[in-house]
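Residues per chain, in single letters:
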Amino acid sequence: MDLPLNPFKAALRRSEPLYGIWAGFATPYAAEIIATTGYDWMLVDGEHAPNTVPTLLAQLQAVAPYATHPVVRAVHGDAVLIKQLLDAGVQTLMVPMVETAEQARALVQAMRYPPHGIRGVGGGLTRATRWDAVPDYIRTAHEQLCLVVQIESRLGVENAAEIAAVDGVDAVFIGPADLSTGMGHAGDASQPEVQDCIRRTIETTLAHGKACGILAPREEDARRYTEWGCRFVAVAIDISLMRQAAVANLARYRAPSQPAIVSTTY
């Protein structure tokens, strides 16, 4: 069988925005529901959601029949963990808190086989090769793998040009919550100096020919970041949507004890 194509990686080369949703419930049933709703991509979160390699695998299997592309965020950039995720069939990997070009290059190495990297060969044991049904996987796998690095610190912003320039980094994703908190604003990305860092990172990434993305559950933020050049924007968080809907539904019958807040700090 042919090497499975990565439609998300191909779509990043086009100009129209790709709208995504955070998938944080850590269950295949919830992930499959999200995959039926029409978003271009979904972030299956292995950093802040209670996921493991087996639960991430189950979600990949659940959403495989649908057009929504799963982007998997690792808890960190450990090469051994990346090997496991890629072997499980992850095609698009997001890694948090990348602050230097050296880190970015190490991630590229972890995603590629020797002599261009350090990824171990699993062969017929792995879902990625469709258990050895994909011919020449070792030589061609990198063509359909997509690496997204997260810039979410002041140091990352300062090094954005060098990070974006790394060959093998396909896209940069900005984390407004960590960035603003690290700058002393406790999750408030609306502060002017945070907004300036976000805009500069977008512009720097685009100048190096790479796509830039961001998490922006508030519509006004999403539209502004899209105007600034973000190619893929997460405009919703599944957990927040459920909570907002539950609070709003109860408010139809009695005065709410708490507002249905739109979360921006996931």
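Calculation rules
- Residues numbered from 1 in each chain as written.
- Predicted model: local features only at pLDDT ≥ 70, side-chain atom pairs only at ≥ 80, totals over all residues.
- Heavy atoms only, no water.
- Core = buried A, V, L, I, M, F, W, Y, C linked by side-chain atoms within 4.5 Å.
- Buried < 20%, exposed > 50% of the residue type's maximum accessible area, 1.4 Å probe, protein only.
- Helix = DSSP H or I, 4+ residues; strand = E, 2+ residues; numbered from the N terminus.
- Contact = heavy atoms within 4.5 Å.
- Salt bridge = Lys/Arg side-chain N within 4 Å of Asp/Glu carboxyl O.

A.B. asks: An account of the nonpolar core is requested, with residue identities and associated values reported.
C.D. replies: Soluble globular proteins tend to bury their nonpolar side chains together. In terms of nonpolar packing, the biggest core is built from 54 residues, with M42, L93, L147, V149, I198 and I214 touching the most fellow members. Among the elements that make up this core, the one with the highest residue count is helix α5 (residues 101–110) (five residues). Sequence-distant contacts of I214, that is, excluding residues within four places in its chain, are made with F173, I174, P176, I198, Y225, C230, F232, V233 and A234. Judged by nonpolar contacts, the second largest core, of 18 residues, contains L18, L43, V148 and L215.

A.B. asks: Would you mind going over the pattern of salt bridges in detail, with residue names and values included?
C.D. replies: Applying the stated criterion to the full structure yields 13 salt bridges. With a closest N to O distance of 3.1 Å, R14 and E16 form a salt bridge. Using a relative accessible area of 41% as the deciding quantity, one classes R14 as partly exposed.

A.B. asks: Could you give an account of the side chain of Q144, with specific residues and numbers?
C.D. replies: On the secondary structure map, Q144 appears in the loop between α6 (137–140) and β5 (146–151). Residue Q144 is classed as buried on the basis of its relative accessible area, which comes to 16%. Not counting residues within four places of it along the chain, the set of residues in contact with Q144 comprises L3, P4, L5, N6, K9 and Q91.

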